[in-house]
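Per-entry structural report
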Amino acid sequence: MEKLLSSLGQVSAIIGAQWGDEGKGKVTDILSEHFQVIARASGGANAGHTIVVNGKKHVFHLLPSGCLHEGKKIFLGGGMVIHLPTLLGEIELLRQSGVDIVPRLRIASHAHLVMDFHKDIDAALEEMRSQGTGSKLGTTKRGIGPAYMDKAGRTGLRVEHLEMDEKVLREIIEGKAGFIESTYGVSVNVKQEVKNILDAKETLWQSIAYEAVSELYDNYANGQTILIEGAQATLLDIDHGTYPYVTSSTTTATGALHALGLPPQSLSSCIGVVKAYCTRVGSGPFFTEAPEEDANRLRERGGEYGATTGRPRRCGWLNLPDVQYATMINGYTHWNLTKLDVLDEEENIPIGVGYGQDGQVVYENLPGWKVSTAGIKEFEELPSQAQQYIHFIEEHTGLPVSFIGTGQGRKEMIIR
Ligand code: IMP
């Protein structure tokens with residue numbers, strides 16, 4: 001572990017290589033112990049990061065998974081869109097588990113707010129899409145797209161608005177309400193929206209970082225270690241993903257640096273998180289999606305239901321061209337291969353290695369191992385076919401698979 005930690009350097013990012021839900025939370029949680037600042041950069045409560053500690057499941061949507069570690073500074077970056085009641089709910093849940101996060105929580109004042117009306121607009125837009133083209137995006141309905149629409153339109157509310165008094169807030173939101181109602185048919189509960197902000201102010205007023213960029217930069221310049229937990233994943237990136245079936249933020253390593261205001265050269269390593277197979281929620285292309293019977297088996301074994309929405313995930317096989325593409329964009333230095341044990345019962349494991357002239361995926365079939373790998377902690381203890389599977393990924397990507405997930409728990413991980 002020591003050697004691996006030193007290879008990660010001062011600033012490391014954890015970035016999904018597929019369509020999210022790769023299991024970024026667990027490696028973030030494990031590594032958080034060894035870093036001083038844990039940051040989330042962009043996205044919002046569309047994320048659902050699950051970690052299991054001592055048999056207890058924790059799901060975080062806005063706070064980074066590392067927040068369970070006492071004493072770590074938790075930083076929510078300026079690229080995020082934050083639904084205040086959700087954040088307060090997470091803070092309260094942690095408090096009930098005996099963790100008071102507020103004194104070490106910093107929130108960039110220029111992060112945007114997701115208002116309740118953004119969630120309603122999200123649902124209304126999905127409805128319009130299904131009537132128009134018949135094709136919903138399958139969003140999480142957490143208001144992410146509409147909040148980023150407001151941001152790009154320069155009409156958004158930001159965390160700094162918590163500073164404003166009630167009357168000004170009411171006027172701002174009332175000013176938006178008419179437009180929202182006439183455009184989307186969504187009615188805005190002005191009183192509730194104002195209350196959400198005022199309630200949040202009571203808890204969070206000391207956590208707002210008005211100089212967020214210089215504050216994080218100072219941590220960096222003073223040699224503190226920073227772990228960035230990416231949200232969503234590369235193929236959901238607004239620019240580089242499978243547009244329009246993407247989220248509305250940047251989900252890549254450079255996107256995360258930008259969202260935090262850290263300089264490009266600050267990143268010393270980037271861990272690509274890749275599931276041993278592949279899943280996707282929502283609509284959009286998925287070339288290695290498995291036939292129903294195989295998909296059902298993977299879904300049940302892997303518990304592939306959305307942590308945020310409970311939706312069943314589409315399931316299929318690992319596609320190397322996808323992870324190679326993600327490697328180009330993110331400059332990965334290490335892999336975290338997750339959920340290897342979900343493949344334990346497979347006879348053969350197809351793995352996409354390229355595309356034929358007809359555009360269809362070309363697969364190689366690797367032999368399955370048909371024994372349990374659950375909870376294994378040493379690479380050498382894995383069955384030879386599982387080792388072969390991992391070597392195959394390393395050879396085709398030129399990167400070491402340094403972390404291998406073999407179960408849900410914090411300890412069920414091979415680290416090499
Ligand atoms: P939105 O981010 O809610 O607008 O959803 C846009 C697309 O991204 C949908 O296909 C969602 O299912 C997907 N998505 C957003 N966040 C996540 C995530 O954390 N994991 C997996 N898929 C996500």
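Procedures and definitions
- Residues numbered from 1 in each chain as written.
- Predicted model: local features only at pLDDT ≥ 70, side-chain atom pairs only at ≥ 80, totals over all residues.
- Heavy atoms only, no water.
- Helix = DSSP H or I, 4+ residues; strand = E, 2+ residues; numbered from the N terminus.
- Rg over C-alpha atoms; globule rule 2.2 N^0.38 Å.
- Buried < 20%, exposed > 50% of the residue type's maximum accessible area, 1.4 Å probe, protein only.
- Contact = heavy atoms within 4.5 Å.
- Areas by Shrake-Rupley, 256 points an atom, 1.4 Å probe, with all protein chains shown as cover.
- Lys, Arg positive; Asp, Glu negative; His and termini not counted.
- Charge placed at Lys NZ, Arg CZ, Asp CG, Glu CD.
- 1 Å grid on protein atoms, 1.4 Å probe; cavity = no way out; pocket = protein on both sides within 12 Å on 5 of 7 lines; lining within 4 Å.
- Points joined across faces, edges and corners; volume = space filled by probe spheres on them.
- Nonpolar A, V, L, I, M, F, W, Y, C, P; charged D, E, K, R; others polar.
- Near = heavy atom within 4 Å.
- Polar contact = N/O pair within 3.5 Å; in protein donor to acceptor, adjacent residues only side chain to side chain.
- Pairing = 2+ DSSP bridges.
- Axes fitted to C-alpha atoms, helices over the stretch in contact; angles between N-to-C directions.
- Parallel < 35°, antiparallel > 145°, perpendicular 65-115°, else oblique.
- Left-handed = near helix turned anticlockwise from the far one by under 90°.

**Some thoughts on the overall build of the protein**
Helix and strand counts for the protein come out as 12 helices and 17 strands. Radius of gyration (C-alpha) of the protein: 21 Å, near the 22 Å computed for a compact globule of 416 residues. Considering only C-alpha atoms, the protein reaches an extent of 65 × 55 × 40 Å along its principal axes. Out of the 416 residues in the protein, the part that is buried amounts to 57%. Here the analysis covers contacts within the protein between residues at least 6 apart in sequence; of these, 74% occur between residues at least 24 apart. Looking at the protein as shown, the accessible area adds up to about 17,000 Å², and 50% of this sits on carbon and sulfur atoms. Looking at the protein, you have 39 positive and 51 negative side-chain charges, and the mean spots of the two groups are 3 Å apart.

**So, empty space enclosed by the protein**
Tallying each qualifying case throughout the model produces 1 cavity of 30 Å³ or more. Its boundaries defined by the atoms lining it, the largest cavity holds a volume of some 40 Å³. I82, H83, L84, P85, L113, V114, M115, D116, E193, N196 and I197 together form the lining of the largest cavity. Among the elements of the structure, α3 (84-96) and α7 (190-204) are those that each provide at least two residues to the lining of the largest cavity. The element that contributes the greatest number of residues to the lining of the largest cavity is α7, accounting for 3 residues. The residue makeup of the lining of the largest cavity, split by class, is 7 nonpolar, 2 polar and 2 charged.

**Some details on the site of the ligand**
Of all residues adjacent to the ligand, which total 16 residues, the nearest are D21, N46, T140, T247 and R311. Between a nitrogen atom of the ligand and a side-chain N or O atom of D21, the distance comes to 3.1 Å. Out of a free accessible area of 470 Å², the ligand has 97% covered by protein chains. Of the residues that constitute the shell around the ligand, the class distribution is 6 nonpolar, 8 polar and 2 charged.

**A closer look at the pairing of strand β10 (residues 269-275)**
Within β10, 7 of the 7 residues are buried, which leaves it mostly tucked inside the rest of the structure. The alternating pattern of β10 places S269, I271, V273 and K275 on one face and C270, G272 and V274 on the opposite face, and all of these are buried. Strand direction decides the pairing type here: strand β1 (residues 11-16) and β10, joined by 5 bridges, are parallel. Each residue of the ladder has a partner; that of A13, found in β10, is C270. With 5 bridges connecting them, β10 and strand β13 (residues 334-338) associate as parallel partners. Residue V274 lies in a different strand from β13, and its bridge partner there is L337.

**Some words on the packing of helix α4 (residues 116-132) against helix α6 (residues 166-184)**
It is the contact of α4 with α6, at a shortest axis distance of 11 Å, that shows an interaxial angle of 15 degrees. The pairing of α4 with α6 is recorded here as roughly parallel in orientation. Seen from above, α4 lies across α6 with left-handed handedness. Within the contact between the two elements, α4 uses F117, I121, A124, L125 and M128 and α6 uses I173, K176, I180, T183 and Y184. Grouping the constituent residues of the contact of α4 with α6 by class yields 8 nonpolar, 1 polar and 1 charged.

**As for the environment of Q408**
As for its position among the elements, Q408 is in the loop between β16 (401-405) and β17 (413-415). Not counting residues within four places of it along the chain, the set of residues in contact with Q408 comprises K26 and V52.

**A short note on the side chain of N319**
Of note, N319 is situated in the loop between β12 (314-316) and α11 (320-330). Residues in contact with N319, not counting those within four places in the same chain, are T288, G352, V353, Y355 and V361.

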